[in-house]
Amino acid sequence: MLGLAASPNSTITIHHNCISSLILRALPSCKTPKAYSLFGSSHSGELRQGLKRVRFVSMMATNEAISKVGMSGSSSSLEGSKQALISLSDKSELAFLGNGLQKLGYKIVSTGGTAAALESAGIPVTKVEEVTHFPEMLDGRVKTLHPHVHGGILARRDLKHHMEALSGHGIGTFDVVVVNLYPFYDKVSSPEGVAFEEGIENIDIGGHTLIRAAAKNHKDVVVVVDPQDYPALLEFLEGTIDRPGFRRYLAAKAFDHTTAYDSAISQWFRIENGKDQFPSRLTSNLSLKSSLRYGENPHQKAAFYLDKSLSEVNAGGIATAVQHHGKEMSYNNYLDADAAWNCVSEFTNPSCVVVKHTNPCGVASRDDILEAYRLAVRADPVSAFGGIVAFNVEVDELLAKEIREFRSPTDGETRMFYEIVIAPKYTPKALEVLRGKSKTLRILEARKHEKGKISLRQVGGGWLVQEPDDLTPENIKFNVVSEKRPSEDELHDAEFAWLCVKHVKSNAIVIAKNKCMLGMGSGQPNRLESLRIALKKAGKEVEGAALASDAFFPFAWKDAVEEACENRIGVIAEPGGSIRDKDAIDCCNKYGVSLVFTDVRHFRH
């Protein structure tokens, strides 16, 4: 007859037969328990007194059992043993890690699939339920959320009362925690998508808690979330390398891991709940892609990060471009390539854009992409030299040869030199030809960046967030406000110039004709100076051309509007909205120039 027993993990168990035995001990005058009925008997008073004695005896036996367990310890706390807890979704290099820890004398405790994988590799493993003496439950939602796990992780070894508490409860310590999380991001970002309930089930709770607990107590527990850190971990544990700050480095990486995980979850909930464009708290999940040689200038250190936000998954853009050839990308290369790619992606017809210092200095659209390329370069060959060339159609062998051999229009002899060529696709022969142009030429293959993505820009101490300027000529009306109406060709040129000017830094003026940029002026403090630069580049071809301005003209007479009219511009496209709009209209009427208002401004700072 056994009433109370202490299990090896300090759990006190009351067996089913203990009540009867305790009643017999509490009621010695009774010959048999059958004489007592819980529903009333002549001995009910004696029964109540007996039950009080049962509670007393039970408490005494329980306390005695707990005391014995505290003295003897538990199966999870072998005196002097070292323990590692491993629970992985990504099981890359698990056998390498397990063998390494075993050789260093670590007892490995693991969960479910990870434990099975270790056993399959022939590595001894203790399942976590042997430590907790509690099975997995709720379809695996609860596995490691137990004092015998978290007490062993969170206890500070330098605090006596922490260690006494562990000893009193028979809890062993963990020295190493290796955990990564359910693939929530991969699940919800997959092209086929997931049902809401499936997404919920891929939110890791236990693993997340283990990582945070170990990272908090990193002084005593080494936490690892990345398989790439396994070799360094084993070297550190072996003592073959001295790495000051290694524990903190891994702890910081662990918190980065959980932060990115939580960020993806909150983004997913916002998407599922309906787009919240400007939430009260905005997080961005950035992942280091590469260190750069330097920033804008050689004295500035720099790096390039990929935006892993769910809104950017499979959204294209220059950040995800494939580099087929050439030197590594620089900070300025990324900026210029982004400007060129965003601009050329706006056009539906076969087009070429040449960019220098983020400004398009040449743009042309033609059915023949070879002709478009030549025209784009001729718009400003001096600026095009050393620039970025982008196409919105596949580059074939003929176009590649033209890029390689084309001579500068300034002297007809010097081969054009470019930093980068960008296109949505290349034929194998085209890549072969372009690789032969220069060892340093960067050849990028990119996908068009999806519209509707918010734009962020940093200022000291904060970020500006706005909707993108995604409008195209098809989205707006060109309202004729002058007496002279533009011809159909002039209106098409105005639309083309207006699409170009949105990609030019303010104050911006673009002059174009026959779907070809003739000249542009950018970044000047006043619009008149930008106009004069554009007119100078356009030269004699300005007559009858279209002019687009990114913003309204504050003055007309003896200013930009009149000067444009005097140079025989055919049509002017501007937003309108100035208190002197009537002056601009009157000036155009005087010179017989068409004027259209778009009601859309294109500032670009």
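Residues numbered from 1 in each chain as written. Predicted model: local features only at pLDDT ≥ 70, side-chain atom pairs only at ≥ 80, totals over all residues. Heavy atoms only, no water.

1. Comments concerning the overall build of the chain
The test is simple: Helix and strand assignments come from DSSP, with helices taken as H or I runs of at least 4 residues and strands as E runs of at least 2, each series counted from the N terminus. Relative accessibility decides the category of a residue: with a 1.4 Å probe and only protein chains considered, values under 20% of the type maximum give buried, values over 50% give exposed, and everything between is partly exposed. Note on definitions: a residue-residue contact is assigned when non-hydrogen atoms from the two residues lie within 4.5 Å.
Across its full length, the chain holds 21 helices and 23 strands. For the chain, with 605 residues in total, the buried portion stands at 46%. Taking the contacts inside the chain whose residues are at least 6 apart along the sequence as the reference set, 61% of them involve residues at least 24 apart.

2. Here's the deal with the packing of helix α3 (residues 94-103) against helix α11 (residues 230-238)
When two helices pack together, their arrangement is given by the angle between their axes and by how far apart the axes lie. The criterion, for reference: Axes here refer to lines fitted to C-alpha atoms; in helices the fit is confined to the stretch in contact. Angles between the N-to-C directions go from 0 to 180 degrees. Angle categories are assigned with fixed cut-offs, so that under 35 degrees is roughly parallel, over 145 is roughly antiparallel, 65 to 115 is roughly perpendicular, and the rest are oblique. Residue classes follow a fixed rule: Ala, Val, Leu, Ile, Met, Phe, Trp, Tyr, Cys and Pro count as nonpolar, while Asp, Glu, Lys and Arg count as charged, and any other residue, Gly among them, counts as polar.
With their axes 10 Å apart at the nearest point, α3 and α11 run at an angle of 0 degrees to one another. Taken together, the axes of α3 and α11 are roughly parallel relative to one another. On α11, the residues touching F96, L97, G100 and L101 of α3 are Y230, P231, L233, L234 and L237. In the contact of α3 with α11, the residues fall into 8 nonpolar, 1 polar and no charged.

3. Some points on unusual backbone geometry
With an omega of -10 degrees, the peptide bond running from S506 to N507 counts as cis. Look at D599: it is not a glycine, yet its phi comes out positive at around 60 degrees. Tracing the backbone through its elements, the reader meets D599 in the segment after β23 (594-597). Note on D599: relative accessible area 59%, which makes it exposed.

4. Section: the side chain of R366
This is how it is decided: Counted as a polar contact is a pair of N or O atoms within 3.5 Å, where, for protein atoms, one must be capable of donating a hydrogen and the other of accepting one, and residues adjacent in sequence contribute only when both atoms are in side chains.
Inspection of the secondary structure assignment puts R366 in the loop between β12 (359-365) and α14 (369-378). At 2.5 Å, the side chain of R366 and the backbone oxygen of N514 are in polar contact. Setting aside residues no more than four positions away along its own chain, R366 makes contact with P350, E371, A372, L375, N514, K515 and C516.

5. Let's talk about the layout of surface pockets
Left-over empty space is what a probe sized like a water molecule reveals as it rolls over the atoms. Selection rule: Here a cavity means grid points, on a 1 Å grid over the protein atoms only, where a 1.4 Å probe fits yet cannot get out; a pocket means an open set of points with protein on both sides within 12 Å along at least five of seven lines; lining residues are those with an atom within 4 Å of a point. Grid points are joined across faces, edges and corners, and a volume is the space filled by probe spheres set on the points.
In this model, the second largest pocket occupies a volume close to 1,100 Å³. Surrounding the second largest pocket, 30 residues form its lining, D256, H257, A260, N285 and S287 being those nearest its centre. At the level of secondary structure, the elements contributing two or more residues to the lining of the second largest pocket comprise α8 (184-188), α12 (246-272) and β8 (286-292). Sort the elements by how many residues they give to the lining of the second largest pocket and α12 lands first, with 9 residues. Partitioning the lining of the second largest pocket into residue classes produces 14 nonpolar, 10 polar and 6 charged.

6. What about the pattern of salt bridges?
For the record, the criterion: Just to be clear on terms, a salt bridge is a Lys or Arg side-chain nitrogen sitting within 4 Å of an Asp or Glu carboxyl oxygen.
The final tally for this structure, using the stated rule, is 22 salt bridges. Overlapping salt bridges bring together R404, E405, R407 and R415 as one network.

7. A word on the sheet that holds strand β11 (residues 351-356)
For clarity, the threshold we go by: A pair of strands is considered paired only if DSSP assigns at least 2 bridges between the two.
The sheet built from 6 strands is open, its strands ordered β10-β15-β14-β13-β11-β12 with mixed pairing. Two strands lie at the open edges of the sheet, namely β10 (322-325) and β12, each paired on one side alone. The sheet shows a mean angle of 20 degrees between the axes of neighbouring strands, direction not considered. Taken together, the 3 bridges between β10 and strand β15 (residues 442-445) define a ladder with antiparallel strand orientation. Paired with Q323 across the strands is L444, a residue of β15. Of the strands in this sheet, β11, β12, β13 (387-391) and β14 (418-423) are in contact with α14, which crosses β11 at around 25 degrees.

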